[in-house]
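Structural characterization, general
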Amino acid sequence: MSNHINDKGYYGEFGGAFIPEMLYQNVEELRQNYLKVMADDSFKRDFNKLLKDYVGRPSPLYFAKRLSEKYNTKIYLKREDLNHTGAHKINNTIGQILMAKHLGKSRIIAETGAGQHGVATATVCALTGLECIVYMGEVDIARQAPNVARMKMLGAEVRPALSGSRTLKDATNEAIRDWINNPTNTHYIIGSVVGPHPYPDMVARFQSVISEEIKWQLKEQEDTDTPDYLIACVGGGSNAAGAYFHYLDDNEVNLIAVEAAGLGIYSGESAATSALGEVGIIHGSKTLLMQSKDGQITEPYSISAGLDYPGVGPLHAHLYTSGRAEFISITDDEAMKAGLELCQLEGIIPAIETAHALAVFKQKDFKPTDICVVSLSGRGDKDLETYINYFKTDNGK
Amino acid sequence: MGNRIHQRLKENKKVLSIYFTAGFPQLEDTTTILKKLTESGVDMIEIGLPFSDPLADGPTIQASSTQALKNGMTTDRLFEQLRNIRETVQIPLLIMGYFNPIFQYGVEAFCNKCRKIGIDGLIIPDLPVDVYQENYKSIFEDCGLSNVLLITPQTSEERIRYIDSVSDGFIYMVSSASTTGAQNGFGDEQTSYFERISEMKLNNPQIVGFGISNNETFKQATQFSHGAIIGSAFINHLNEDGIDRIDGFIKSLRP
């Protein structure tokens, strides 16, 4: 059975489009057109050209020698951190801005948590001259000031989400409400493989360039295009979806999804959706989400704003329940130590999200001959303050 | 099939329907509000089951939902409050809620509970019509529940016909492309949309919701429809005046 989306918009039992009728026309327009547009030659040409000349692709697949020696296995890092704007997020926003243009939209909205997707969206709006409004929780605006400033410099309007917990989940709600109120001229650029069908599949396809490159890059270096392990962190799950995409139905490749355990899975301060979540509906998708027994969506916690989401994309819910991927939870402390280790062994400061994926090597034994590819989803510049504060305290000992 | 909704809509009178969020302003206000609304002459009531993430709602109903949850409202609590409601309230009652809390309760268990209490219908804005038809329609029918579906100015004629064919009770006609919230008046665009739908001669009557706040908008909304739903304006009234002056507010809507 394929692990890709079926013709009804589901991965196994997960996915679908659980949206109010007010959004139907917009989502349906996208559903009917996205595959057609993506298959269009001029679209492909524009997309590939921008990925190459503007984003800087292909991103290197780097053999991390000292890290490999330390863990006695072969570790490759897929360097999405070297993309323009510093993370994998821009692969998707480039694709979606071209999609918006093909659909004749003039106004772009987006949600953002830490601000990475907001910056990537503001960037492509500046590139194409489209109006850009980014919704961001009031709490996140306060703790991510540099990214707010970047979005504004790029010409975007940043609107605070004032409802609920005032974080990513609420920013997403506000963006959806904006879309309801602007049903004809607006395209909503969702930042992850979440939301109603066709978003999870569309975003996964735009991110699939990651695994497409891994295939030929690995072949060049190891004479095989098949790694033994693919390791990626999962918040909503877009970098993982991109890294897995061309290997989803290749069962020789072990997929490892790394979630944020926060202060500990059962501490009450966690974002480990696979362990803590139940099947439900969030942001238009049937998936696993953290919720009360009454079906109220609960607040997640992680030191990493990018993993601080109470749900997970429907693809990942399917990979978890079917056993296709192994899910591992990493605490704040484990992630921060792994992040510092990469700095000191390889001279790369990773985003804290990515640091969760790197912490797997302390949790799990790999054979010396195993080829492990880690999706290095983003760079840590945005997290410097968090790193500095963390290692100032006793936690960092 | 013939629940209270069908009976009421057979009468040749414009229906005034009120939405309120259960558990707001105070946790135990639910039955008091229901009784006061009935006594003041409203024709139908939608009881809002509060949700943490109400996507289709504007700030007024969002805030009332947040407060209701803070007050301790839960699905079980609401059913407990409504247990004996049919001893005093005879008008049609619907529950309006988002799908996730109903899904967690179990759709079948939820519908059975509604049947026992005497709820006449459900409005679940994020349960798509095709999922309803495929998975849940027979459960609703077994429980005598109307499932009320929404249409908007953007809904195509073909889809309106489809929704009409699956609907039972009435069609919830969203007045404009917006989330819920009171507006000052309807323009020509909305009036012509109301008229266009009216001329489609659908099987189910239409009741207009979103943006109705006073006598003027009520009259505009019901010129070409069978009734109108007032939600945010009523929540605003509760915010300002509490639950003591409900009668005066309702009378001002339909003097």
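To continue, consider the interface of chain A and chain B. Each side of the interface is counted separately: chain A has 32 residues, and chain B has 36 residues. Between chain A and chain B, roughly 2,800 Å² of surface is buried when both sides are summed, and carbon and sulfur atoms account for 54% of that area. It is Glu21, Met22 and Arg177 of chain A in chain A that bury the most area against chain B; as a group they hold 23% of the surface buried on that side. Summed over the shared surface of chain A and chain B, the number is two salt bridges. Counting across the interface, chain A meets chain B through 17 residue pairs in polar contact (both at pLDDT 80 or more). Contributing elements (two or more residues each) for the side of chain A that touches chain B: helix H1 (21-39), helix H8 (168-181), strand S11 (278-282) and strand S12 (285-289) of chain A. In terms of residues, the side of chain A that touches chain B owes the most to one element, H8 of chain A, which gives eight residues.

Bringing the environment of Gly23 of chain B into the picture now. Residue and element names in this part refer to chain B. Structurally, Gly23 can be placed in the loop between strand S1 (15-21) and helix H2 (30-39). What makes Gly23 buried here is its relative accessible area of 0%. A C-alpha to C-alpha distance of 35 Å links Gly23 and Arg159, two positions 136 residues apart in sequence. Once you skip the residues sitting within four places of it in the chain, Gly23 turns out to touch Thr30, Ala68, Asn71 and Met73.

Attention shifts here to the packing of aromatic side chains. Following the criterion strictly, the structure yields 25 aromatic pairs over all chains and no others. Relative to Phe140 of chain B, the ring of Tyr132 of chain B has its centre 5.0 Å away and its plane inclined at 80 degrees; by these criteria the two rings are edge-to-face. Residue Tyr132 of chain B shares its accessibility class with Phe140 of chain B, and that shared class is buried. Plain terms: the ring middles of Phe186 of chain B and Phe194 of chain B are 5.5 Å apart, the flat faces sit at 85 degrees to each other, and that makes the pair edge-to-face. Put simply, the rings of Phe18 of chain A together with Phe99, Phe103 and Tyr136 of chain B pair up and form one aromatic cluster.

Okay, the sheet that holds strand S8 (residues 227-230) of chain B next. All names here are of chain B. Pairing is parallel around the closed barrel formed by eight strands, whose spatial order is S1-S2-S3-S4-S5-S6-S7-S8. The mean angle between the axes of side-by-side strands here comes to 25 degrees, regardless of whether they run parallel or antiparallel. The sheet strands contacting helix H10 (residues 215-222) are S1, strand S7 (206-209) and S8, and the helix crosses S8 at an angle near 140 degrees.

What describes two packed helices is the angle between their axes and the distance between those same axes. All names here are of chain B. Following both chains from N to C, one finds H2 and helix H4 (residues 75-82) inclined at 50 degrees, their axes separated by 9 Å at the closest point. Classed by the angle they form, the pair H2 and H4 counts as oblique. Read as a crossing pair, H2 and H4 show a hand that is right-handed. Facing Thr30, Thr31 and Leu34 of H2, the residues of H4 in contact are Leu78, Gln81 and Leu82.

Rules and cut-offs
Residues numbered from 1 in each chain as written. Chains lettered and ligands numbered in written order. Predicted model: local features only at pLDDT ≥ 70, side-chain atom pairs only at ≥ 80, totals over all residues. Heavy atoms only, no water. Contact = heavy atoms within 4.5 Å. Buried area = accessible area lost by both parts, 1.4 Å probe. Salt bridge = Lys/Arg side-chain N within 4 Å of Asp/Glu carboxyl O. Polar contact = N/O pair within 3.5 Å; in protein donor to acceptor, adjacent residues only side chain to side chain. Helix = DSSP H or I, 4+ residues; strand = E, 2+ residues; numbered from the N terminus. Buried < 20%, exposed > 50% of the residue type's maximum accessible area, 1.4 Å probe, protein only. Phe/Tyr/Trp six-rings, centres within 6.5 Å; stacked < 30°, edge-to-face > 60°. Pairing = 2+ DSSP bridges. Axes fitted to C-alpha atoms, helices over the stretch in contact; angles between N-to-C directions. Parallel < 35°, antiparallel > 145°, perpendicular 65-115°, else oblique. Left-handed = near helix turned anticlockwise from the far one by under 90°.

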